[in-house]
Amino acid sequence: MRPDLREGKLPTELPSNFAIGPYTITAPVILAPMAGVTDRPFRRLCRELGAGLVVSEMVTSDTSLWNSRKSRMRLDHAGETGPISVQIAGGDPEMMAEAARANVERGAQIIDINMGCPAKKVCKKAAGSALLRDEKLVADILEAVVRSVPVPVTLKIRTGWCPDSRNGVTVAKMAEDLGISALAVHGRTRACGYHGQAEFDTIAEIASAVKIPVFANGDITGAEKARKVLDYTGATAVMIGRAAQGRPWIFREIAHYLATGEQLPEPSLEEVRDILSTHLSELHRFYGEVMGVRIARKHVGWYVKTLADSEDFRKTFNRLDSAEAQHASVREWFERRITRGAKAA
Ligand SMILES: Cc1cc2nc3c(=O)[nH]c(=O)nc-3n(C[C@H](O)[C@H](O)[C@H](O)COP(=O)(O)O)c2cc1C
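Only a predicted model underlies this, so the values are computations on that prediction, with no experimental measurement involved.

Turning to its location among the elements, Phe215 is positioned in strand β10 (residues 214-217). For the pair Phe215 and His186, spaced 29 residues apart in sequence, the C-alpha separation works out to 8.5 Å. Excluding its chain neighbours within four sequence positions, the residues that come into contact with Phe215 are Phe18, Ile20, Ile30, Ala182, Leu183, Ala184, Val185, Ala237 and Met239.

Put into structure tokens, the structure is as follows:
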């Protein structure tokens, strides 16, 4: 019998290393692909802070669009720690195969296929999670991509198209038969968007139906929940999306808890300041100052969201338009809080 998700459980033994093709993944906690979030600077940070694997933002399978600045940034993996996993999105088997090949030429070591994203732009072209409605097309895409590249191919799905049609188990078995090396499952159907709570029953069914590694995804916000979801579903690893925004240290917290049953303390304000400052520098360097400053605003907002009295800081920060001013503002804000904390102690 599966442990009750709500009751929790004492940590049990789990073999935490697992393989995706020739790659050994040493921590069972993975950064989910998030368009507009999991760019190279963020992926690097999450890797350094304990993620066993990170997945890039999706790139379109239409290689004729790869000349845009946005696509070029998404295709850039210079200096990343491997294995480099790149997600592709599209609905045409041959285009997907070509996109996979072209990404491998650019350094991808794992190709991830997006059948889990409900974004309208993607779905209008029958891509992402919209594909789950057409199992024959799913099979054609998987077959074409697996055949086209010498690297492992992974797949990200939702539990089905809509609550009445949860075909996640069928798709998972098909994926395994067609040579997919690992499967990430977001515990919602396409129709569910982000509403309600992610459900883990279908993920548990999928995990027991296939032998390839399964990553449980959806609403996992911390170490204890990660433990409970792994126990409940029998999945190999957890995949974390939104909970990593502004909290990249969540990966080491989860990895440590899964390995030892002990909670790590929250990072100190000094450490948060240092992580954020490094993140800022990387964003400015990667995107250039103008774009980097803009992109930094949302990340900084996420970092400080959970800290008291951050609203005024956020408003001021969002008006700054140079890299130097952003750095100074972060330094000063944290200094004030650190000094206040030291006085109160
Ligand atoms: C801003 C944002 C962008 C996303 N972009 C992608 C994407 O490019 N590809 C994909 O497969 N899923 C994408 N997702 C879905 C996430 O990978 C993940 O499945 C979902 O957020 C549920 O996990 P969470 O509850 O841990 O956030 C995105 C989610 C968010 C919030």
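So, about the site of the ligand. The ligand sits among 17 residues. The nearest are Pro33, Gln87, Asn217, Asp219 and Arg242. Between the ligand and Pro33, the relevant distance is 2.8 Å, taken from an oxygen atom to a main-chain nitrogen or oxygen of the residue. Here an oxygen atom of the ligand sits 2.8 Å away from a polar atom, N or O, in the main chain of Gly241. Per-class residue counts for the shell around the ligand are eight nonpolar, six polar and three charged.

Moving on to the confidence of the model for the protein chain. Looking at the protein chain, pLDDT values average 91 and 92% of them are 70 or higher. The low-confidence segment residues 6-14 (pLDDT under 50) makes 12 contacts with residues lying over four places distant or belonging to another chain.

Our focus in this paragraph is the packing of helix α6 (residues 168-177) against helix α7 (residues 201-209). Packed helix pairs are characterised by how far apart their axes lie and by the angle those axes make with each other. The geometry of α6 relative to α7 is characterised by a closest axis approach of 9 Å and an angle of 30° between their N-to-C directions. The angle between the axes of α6 and α7 places the two elements in the roughly parallel class. As for how α6 packs across α7, the hand of that crossing is right-handed. Residues Gly168, Val169, Ala172, Lys173 and Glu176 of α6 form the contact with α7, whose own contacting residues are Glu205, Ile206 and Ala209.

Before going further, it helps to spend a moment on the pairing of β10. Burial along β10 is two-sided: the face carrying Val214 and Ala216 and the face carrying Phe215 and Asn217 are both buried. The sheet contact formed by strand β9 (residues 182-189) and β10 spans four bridges and is parallel. Its bridge partner being in β10, Ala184 is matched across the sheet by Phe215. Handedness of the β-α-β unit built from β9, α7 and β10 comes out right-handed. By the bridge criterion, three bridges tie β10 to strand β11 (residues 237-240) in an arrangement that is parallel.

Here the focus is the pairing of strand β6 (residues 85-89). Across the five residues that make up β6, a large majority, five, are buried. Alternating positions in β6 separate into two faces, Ser85, Gln87 and Ala89 on one and Val86 and Ile88 on the other, with burial throughout. Bridge analysis of strand β5 (residues 59-60) against β6 gives two bridges, and the strand direction is parallel. Its bridge partner being in β6, Thr60 is matched across the sheet by Ala89. Across four bridges, the pairing between β6 and strand β7 (residues 110-115) is parallel. Residue pairing in the sheet places Val86 in a bridge with Ile111 of β7. One crossover worth recording links β6 to the parallel β7 by way of helix α3 (residues 93-105), and it is right-handed.

Reading the values: rules and limits
Residues numbered from 1 in each chain as written. Predicted model: local features only at pLDDT ≥ 70, side-chain atom pairs only at ≥ 80, totals over all residues. Heavy atoms only, no water. Helix = DSSP H or I, 4+ residues; strand = E, 2+ residues; numbered from the N terminus. Contact = heavy atoms within 4.5 Å. Near = heavy atom within 4 Å. Polar contact = N/O pair within 3.5 Å; in protein donor to acceptor, adjacent residues only side chain to side chain. Nonpolar A, V, L, I, M, F, W, Y, C, P; charged D, E, K, R; others polar. pLDDT = per-residue confidence, 0-100. Axes fitted to C-alpha atoms, helices over the stretch in contact; angles between N-to-C directions. Parallel < 35°, antiparallel > 145°, perpendicular 65-115°, else oblique. Left-handed = near helix turned anticlockwise from the far one by under 90°. Buried < 20%, exposed > 50% of the residue type's maximum accessible area, 1.4 Å probe, protein only. Pairing = 2+ DSSP bridges. Right-handed = clockwise from strand over helix to strand, strands pointing away.

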